[in-house]
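# Report on the structure
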Amino acid sequence: MDFSQIFSVSLNSLNNNKLRASLTILGVVVGIFSIIVIMTIITMLQNSIENGVSQLSKNTFQIQKFPAMMGGGPGSRAKFRNRKDITMEDFYKLEETLKGVKYIGAEQWQFGKVIKYKNLSTNPNIQIIGETTGGIQTNDWHVEFGRSINEQDVQYSANVCLIGNDVIEKLFPGIDPIGQTIKVDNYPLMVIGILEQQAQMFGSSRDSRVVLPISTFQNIYGRRSRSVNIMVMSESKENYDDVIESATGHMRTIRKVKPGEENDFDIFSNESMISQINVMTGGIKIGALVVSIIALLAAGVGIMNIMLVSVTERTKEIGIRKAVGAKRSNILTQFLIEAIVLCLIGGFVGILLGVGIGNLAGSFLNAQSAIPYDWVAIGLSLCVLVGIIFGTYPAYKASNLDPIEALRYE
Amino acid sequence: MNIIKIEHIAKIYQLGTQEVKALADVSLKLDKNEYVAIMGPSGSGKSTLMNMLGCLDTPTSGIYEFTGKNVSEMTDNDLAKIRNQEIGFVFQTFNLLARSNALHNVELPLIYAGISAQERKERAEKALADVGLEDRIHHKPNELSGGQRQRVAIARALVTNPSIILADEPTGNLDSKTGEEIMGLFNELHEKGNTIILVTHEEYIAEHAVRIIRLRDGLVESDDVVRKRYIPIKNNLAKN
Ligand SMILES: Nc1ncnc2c1ncn2[C@@H]1O[C@H](COP(=O)(O)OP(=O)(O)OP(=O)(O)O)[C@@H](O)[C@H]1O
Ligand SMILES: [Mg+2]
């Protein structure tokens, strides 16, 4: 008796008990759904970062006062706050000494600003970014019309700026913005270039920004108001790790960190961001796994119950099968496969729902759609496992029935 | 060597304080190619004996040797194999799978014999045609008459070409014409060398057999060879 035969026998009998079967698998659906939906969303977020929609361009890392993502509980922020600010002097020293660099730049940010042009103004959602020329390159920003910021602009704190598309839409309907003067916190700046549009990330536009020379930025917001972020793009993928290492060394020297002391700055790259996301989502993943295993165990008990009822109801059928030559093992596999198939059907439904709803939820975060294939495989394996664990006892009971007793059962 | 040899077989059911001796003390020897009719009043233990011979039931005491081997020492798998390949059993109450059609019911022993789907279907159709049911193969038991169900049960017993046929009142639900046709099938099988044991209440059915064993109260009342060999029926089987 081959597998497909046993399989069709099993399917047939499930088909005869559709309603009961579908109620039974509900628990499996819930269990698999809960893990798949969470894994789908996490995978989508991870993919979005990995596929270069991330803040940092290729072969680029960033040095800043605060870590990119802060965990570590209360008090940790205070520890970072006590660090010295990273200054422009630090940046220039590093620029001078660091080797193997394609571009190096510094930047400072202000968020939630209103920009004015004549009597028009934007929503308070504009990012004001001070950059060195290298910073524009490490960010991989391009100027579509007009010109970019040059060394002289930075050196002489020229009152010029580049603007993103959202700003144009608000302030310059039908007007050429180049050459016009806008006001940032009452400070007049002439528009010299328009930034190329960028894809949204996590639902927020990256075109609502104004970019100006970092020196001008510091004139507006004060020289000592904030720490600067340093960005470094290595010459190649190969020397990336080396450049990170020597940048760390140079920064320690520049900032006079004593040997044996912790760095008083943070370096992060796409890789480090991804690994930090992994750390943060690890807990969520384990939680989802625990929930789904509990749901699956509950579902398994339900499946065992239904299988026991089914064995009793089908005693006569089992007797007939044995009377015409079914071995114990034939009956055992038949009922075991029924249990596994039940679980797998539940698993498939759970996966479909989980991937579907997960993608829907993820799309609100503007993450790229994804299917967590590894978790789909884990989920299906769990289903098979539950089917085997909870199907074995009923199947064993069925296979052990005495043929003549079973035949007499009414 | 006897293919079937039972010695002092008893089957006793304990119902509360009451003891029911379905078989009290039965000894029998059957050779290959015998044609035996078992008769006796209702409740005399005929079905109990047949179940025993068919390796479905186990005796309370006594020894059963099947082709020289002690059945009580056989494994479950050995017994399953004998039931599947050596014995064709027609139950008094048919015992068909209620939810499956005639074809699938007849295919069932072939499934457990590991025969391919294609061959299974062909053989099952042939067996159903042999009992005159070629136009009822897709009917479920509840869509068949009592006599038709009985014939599905017979087709299922014959489909594996077993060397021993155990039939518990195989013509009980059939009119005398169809009954004779079924007996014609058994006669043919007997001629081919098969061993046939059947239970019947009808003298005219028993007349096909070579040997008649009469049971009463779980004991053998008489055991006679009634003629040298059976008289072949000349007319071909009319197909339903
Ligand atoms: N499972 C059982 N439990 C208790 N008593 C039983 C059981 N099976 C059979 N008997 C008893 O054993 C006796 C013989 O039964 P059996 O079925 O062998 O009779 P039978 O000769 O086939 O009768 P019939 O011609 O009516 O089919 C009967 O008295 C019956 O009540
Ligand atoms: Mg009987």
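Here, every reference points to the structure presented above.
For the structure given in this document, a descriptive report is provided here. For every chain, the first residue of its written sequence is number 1, and the numbers climb from 1 along that sequence. Following the order in which they are written, the chains are lettered starting with A and the ligands numbered starting with 1. Local features are withheld for residues below a pLDDT of 70 in this predicted model, meaning they are given only at 70 or higher, and side-chain atom pairs are given and counted only at 80 or more; totals for whole chains, interfaces and linings count all residues. Excluded from the side-chain calculation are hydrogens and water; included are all heavy atoms of the structure.

The next thing to look at is the overall build of chain A. Each helix corresponds to a stretch of at least 4 residues labelled H or I by DSSP, and each strand to a stretch of at least 2 residues labelled E; elements are numbered beginning at the N terminus. When its secondary structure is counted, chain A shows 14 helices and twelve strands. Accessible area is worked out with a 1.4 Å probe on protein chains only. A residue is then buried under 20% of its type maximum, exposed over 50%, and partly exposed in between. Counting over 410 residues, chain A shows a buried share of 50%. Here, residues are in contact when the closest pair of their heavy atoms is within 4.5 Å. For chain A, the proportion of contacts with a sequence separation of at least 24, taken over those separated by at least 6, is 79%.

On to the coordination of the magnesium ion (ligand 2). Residue and element names in this part refer to chain B. For the magnesium ion (ligand 2), the protein coordination sphere consists of S47 (OG) and Q92 (OE1), at 1.9 to 2.2 Å. Placement of the pair is S47 in helix α1 (residues 46-53) and Q92 in the loop between β6 (87-90) and α3 (102-112), with a sequence separation of 45 residues. Take S47: its relative accessible area is 23%, and that puts it in the partly exposed class. Its relative accessible area of 36% is what places Q92 among the partly exposed residues. We call an atom a donor if it is N, O or S and sits within 2.8 Å of the metal, or 3.2 Å for Na, K and Ca. Water is not counted, so some sites may look partial.

In this section: the interface of chain B and chain A. Between chain B and chain A, the contact holds 22 residues from the first and 21 residues from the second. Here the buried area means the combined drop in accessible surface, using a 1.4 Å probe, for two parts upon being joined, counting both sides. Approximately 2100 Å² of surface area, both sides summed, lies buried where chain B meets chain A, with 56% of it carried by carbon and sulfur atoms. Think of a salt bridge as a Lys or Arg side-chain nitrogen and an Asp or Glu carboxyl oxygen that are within 4 Å of each other. Between the two partners, chain B and chain A, sit two salt bridges. R328 of chain A serves as the salt-bridge partner of D76 of chain B, at 2.4 Å between the closest nitrogen and oxygen. Secondary-structure elements contributing two or more residues to the side of chain B that touches chain A are α2 (76-86) and α3 of chain B.

Turning our eyes to something else, we now look at the site of ligand 1. Around ligand 1 sit 16 residues, and of these S42, K46, S47, T48 and Q92 of chain B come closest. Near ligand 1, the surrounding residues are drawn from chains A and B. Contacts described as polar in this section are N or O atom pairs within 3.5 Å, which, within protein, must combine one atom able to donate a hydrogen with one able to accept it, while residues neighboring in sequence count only if both atoms come from side chains. Between ligand 1 and K46 of chain B, the relevant distance is 2.7 Å, taken from an oxygen atom to a side-chain nitrogen or oxygen of the residue. Measuring from an oxygen atom of ligand 1, one finds a side-chain N or O atom of S47 of chain B at 2.7 Å. Here ligand 1, which alone exposes 630 Å², has 70% of that area covered by the protein. Mapped by element, the contributors of at least two residues to the shell around ligand 1 are β1 (4-15), β2 (18-30) and α1 of chain B. Proximity is defined per residue: if any heavy atom of the residue lies within 4 Å of a molecule or strand, that residue is considered near it. Areas reported as accessible are Shrake-Rupley estimates using a 1.4 Å probe. Residue values count occlusion only from the protein chains shown.

All names here are of chain A. Along helix α4 (residues 88-97), the residues that are buried comprise M88, D90, F91 and L94. Taken around the axis of α4, the buried residues stretch over an arc of 155 degrees, which confines them to a single face. Summarising the contacts, the buried residues of α4 are in contact with β1 (60-64), β2 (101-113), α8 (214-221), β11 (229-234) and α9 (240-254). This arc describes the spread of directions from the helix axis toward the C-beta atoms.

On to the layout of surface pockets, then. By volume, the second largest pocket amounts to about 540 Å³. Around the second largest pocket, the lining is made up of 22 residues, and of these E317 of chain A together with L97, A98, R99 and S100 of chain B lie nearest the centre. Its residues placed into classes, the lining of the second largest pocket shows six nonpolar, eight polar and eight charged. Using a grid of 1 Å spacing that covers the protein atoms alone, one calls a set of points a cavity when a 1.4 Å probe fits there but cannot get out, and a pocket when the set is open and has protein on both sides within 12 Å along at least five of seven lines; lining residues are those with an atom within 4 Å of a point. Grid points are joined across faces, edges and corners, and a volume is the space filled by probe spheres set on the points. Basically, the charged four are Asp, Glu, Lys and Arg, the nonpolar ten are Ala, Val, Leu, Ile, Met, Phe, Trp, Tyr, Cys and Pro, and anything else, Gly included, counts as polar.

A word on empty space enclosed by the protein. A complete count under the given rule lists three cavities of 30 Å³ or more for this structure. In this model, the largest cavity occupies a volume close to 90 Å³. Around the largest cavity, the lining residues are A323 and V324 of chain A together with R83, N84, I87, G88, F89, F91, P109, R156, A157 and T160 of chain B. Sorting the residues of the lining of the largest cavity by element identifies α2, β6 and α5 (146-158) of chain B as the ones contributing at least two each. No other element matches the three residues that β6 of chain B contributes to the lining of the largest cavity. Looking at the lining of the largest cavity residue by residue, the class counts come to seven nonpolar, three polar and two charged.

With that settled, consider unusual backbone geometry. Backbone geometry places K256 of chain A, a non-glycine residue, at a positive phi of 55 degrees. Backbone geometry at T67 of chain B places phi at a positive 45 degrees, although glycine is not the residue there. In this structure, T67 of chain B sits in the loop between β4 (61-66) and β5 (69-70). Among the residues examined, T67 of chain B registers a relative accessible area of 25% and is labelled partly exposed.

This part is about the nonpolar core. By nonpolar core we mean a set of buried residues, namely Ala, Val, Leu, Ile, Met, Phe, Trp, Tyr and Cys, connected to one another through side-chain atoms within 4.5 Å. Formed by 77 residues in total, the largest nonpolar core has its most connected members in I38, L49, Y64, F66 and I197 of chain B. With eleven residues, helix α12 (residues 328-364) of chain A is the largest single contributor of residues to this core. The contacts of I38 of chain B, once residues within four sequence positions are left out, are K46, L49, M50, I197, L198, V199, T200, I213 and L215 of chain B. F94, V106, L189 and V210 of chain B belong to the second-largest nonpolar core, a separate cluster that totals 40 residues.

Turning to the packing of aromatic side chains, a few remarks are in order. Describing an aromatic ring pair means giving the distance of the ring centres and the angle of the ring planes. Residue and element names in this part refer to chain A. Under the pairing criterion, centres of Phe, Tyr and Trp rings, with the six-membered ring standing for Trp, must be within 6.5 Å; the plane angle then separates stacked pairs below 30 degrees from edge-to-face pairs above 60, leaving the rest tilted. For the structure on display, the rule yields seven aromatic pairs over all chains. Centroid distance F91 to Y92: 5.2 Å. Interplanar angle 55 degrees. Geometry classified as tilted. Judged by its relative accessible area of 1%, F91 falls in the buried class. Under the relative-accessibility criterion, Y92 is labelled partly exposed at 39%. Measuring from centroid to centroid gives 5.5 Å for W109 and F111, while their planes differ by 20 degrees, and the two rings are stacked. You can call W109 buried: its relative accessible area is 13%.

We now examine the pairing of strand β7 (residues 160-163) of chain A. Residue and element names in this part refer to chain A. Alternating positions in β7 separate into two faces, V160 and L162 on one and C161 and I163 on the other, with burial throughout. Pairing of β7 with strand β9 (residues 187-195) involves four bridges; the strand directions are parallel. Bridging across to β9, V160 finds its partner in M190. A strand pair is defined by DSSP finding two or more bridges across the two strands. Inspection of the sheet shows β7 paired to strand β10 (residues 209-213) by two bridges, in the antiparallel sense.

In short, shape yes, function no, at least from these values alone.
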